[in-house]
Amino acid sequence: MTDVATDPAELVKERPASVGRMFLDRVDATPTREAFRFPADGEWKSLTWQQTKDRVWAISAGLLALGVEAEQRVAIASSTRIEWVLADLAIMCAGAATTTIYPSTAPDDVVYILTDSGSRVVFAEDATQVAKVLEHADQLRDLVSVVVFDGEGDGDRVITLGELEERGRSCALTTSSTSGCRCRTRSARFWRPPSCASGSPPRSTAIWTGSSTTSGSSGRHSWPGRRASSRRCAPG
């Protein structure tokens, strides 16, 4: 029987430095084991931990290519689905912070959450969620892009998840520092073997919004002292 540490000090000492690091450790430990099973096209499909990492890395690199910086907010306006999980992991591995929006949230409240959090990118489930954002686009000065799970891009501010992943993969293959690929030129460490960059972790990497109104919101921040905050991960 394996001994399990019970001393709080030892547990704290041995725990992963971040959620992103925990994700990497799991991938390294069981790369071929099934990680997620989800419905798609009328059937159940699955992703191994390695396949999950490959997609998370592409999305994460895509976010960096869009200019997302450490500790900046990235929102997800979607119901529970595999893309939600991939986006959340990618946000953490880019060193950014997740802001969640219920798909039933009213347009005015969506705008409030996005402006209050200063979100730079929004992952939107479908055209309905995209419309809520674009309806008040002139008020969202911090927002640079909307990434839609189900639907088409508009060739401008709205891109598909597939397009974001392709942008991330293109950055991963770029070797020239003069290529204009922001995810490489901004942080060469991003493409080293899986690890988390040294230095202090971001102040906050997750914001769970429990409810909101145009006059205020309630939520919970994840602070570094609780070690739930994720340092910038360096996909390999």
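Structure's up top.
In this report, the structure presented in the accompanying data block is examined. (Residues numbered from 1 in each chain as written. Predicted model: local features only at pLDDT ≥ 70, side-chain atom pairs only at ≥ 80, totals over all residues. Heavy atoms only, no water.)

1. Overview of the pairing of strand S5 (residues 121–124)
Here is step 1 of the chain: Burial along S5 is two-sided: the face carrying Val-121 and Phe-123 and the face carrying Val-122 and Ala-124 are both buried.
Here is step 2 of the chain: With four bridges connecting them, strand S3 (residues 73–77) and S5 associate as parallel partners. Residue Ala-77 lies in a different strand from S5, and its bridge partner there is Ala-124.
Here is step 3 of the chain: Here S5 runs beside strand S6 (residues 145–148); their pairing, made up of four bridges, is parallel. Among the inter-strand pairings, Ala-124 is bridged to a residue of S6, identified as Val-148.
Here is step 4 of the chain: Taking the sense of rotation as the criterion, the β-α-β connection linking S5, helix H6 (residues 127–134) and S6 turns out right-handed. (Buried < 20%, exposed > 50% of the residue type's maximum accessible area, 1.4 Å probe, protein only. Helix = DSSP H or I, 4+ residues; strand = E, 2+ residues; numbered from the N terminus. Pairing = 2+ DSSP bridges. Right-handed = clockwise from strand over helix to strand, strands pointing away.)

2. Some thoughts on the pairing of strand S2 (residues 43–48)
Here is step 1 of the chain: Where strand S1 (residues 34–40) and S2 come together, six bridges link them in antiparallel fashion. Counterpart to Pro-39 in the pairing with S2 is Trp-44.
Here is step 2 of the chain: Hairpin connection of S1 to S2: two residues between the antiparallel strands, including Asp-41 at a positive phi of 55 degrees.

3. Some details on the environment of Phe-123
Here is step 1 of the chain: Looking at where Phe-123 falls in the secondary structure, it is placed in strand S5.
Here is step 2 of the chain: Residue classification places Phe-123 among the buried positions, given a relative accessible area of 0%.
Here is step 3 of the chain: For the pair Phe-123 and Ala-77, spaced 46 residues apart in sequence, the C-alpha separation works out to 6.0 Å.
Here is step 4 of the chain: Each residue touching Phe-123, except ones within four places of it in the same chain, is listed here: Ile-59, Leu-63, Val-74, Ala-75, Ile-76, Ala-77, Ala-87, Ile-91, Val-147, Phe-149, Leu-161 and Leu-164. (Contact = heavy atoms within 4.5 Å.)

4. As for the side chain of Thr-105
Here is step 1 of the chain: With respect to the helices and strands, the residue Thr-105 is situated in the loop between strand S4 (97–101) and helix H5 (107–117).
Here is step 2 of the chain: In this structure the side chain of Thr-105 is engaged in a polar contact, spanning 2.9 Å, whose partner is the backbone oxygen of Tyr-102.
Here is step 3 of the chain: Ignoring any residue separated from it by four or fewer positions in sequence, one finds Thr-105 in contact with Val-110, Ile-113 and Lys-132. (Polar contact = N/O pair within 3.5 Å; in protein donor to acceptor, adjacent residues only side chain to side chain.)

5. Digging into the packing of aromatic side chains
Here is step 1 of the chain: Applying the stated criterion to the full structure yields four aromatic pairs.
Here is step 2 of the chain: For the pair Phe-23 and Trp-49, a centre-to-centre distance of 6.3 Å together with 55 degrees between the ring planes defines the contact as tilted. A residue pair is termed long-range when its members are at least 10 positions apart, and Phe-23 in helix H2 (residues 19–29) and Trp-49 in helix H3 (residues 49–65) qualify at 26 residues.
Here is step 3 of the chain: The buried category is assigned to Trp-49, whose relative accessible area is 13%. (Phe/Tyr/Trp six-rings, centres within 6.5 Å; stacked < 30°, edge-to-face > 60°.)

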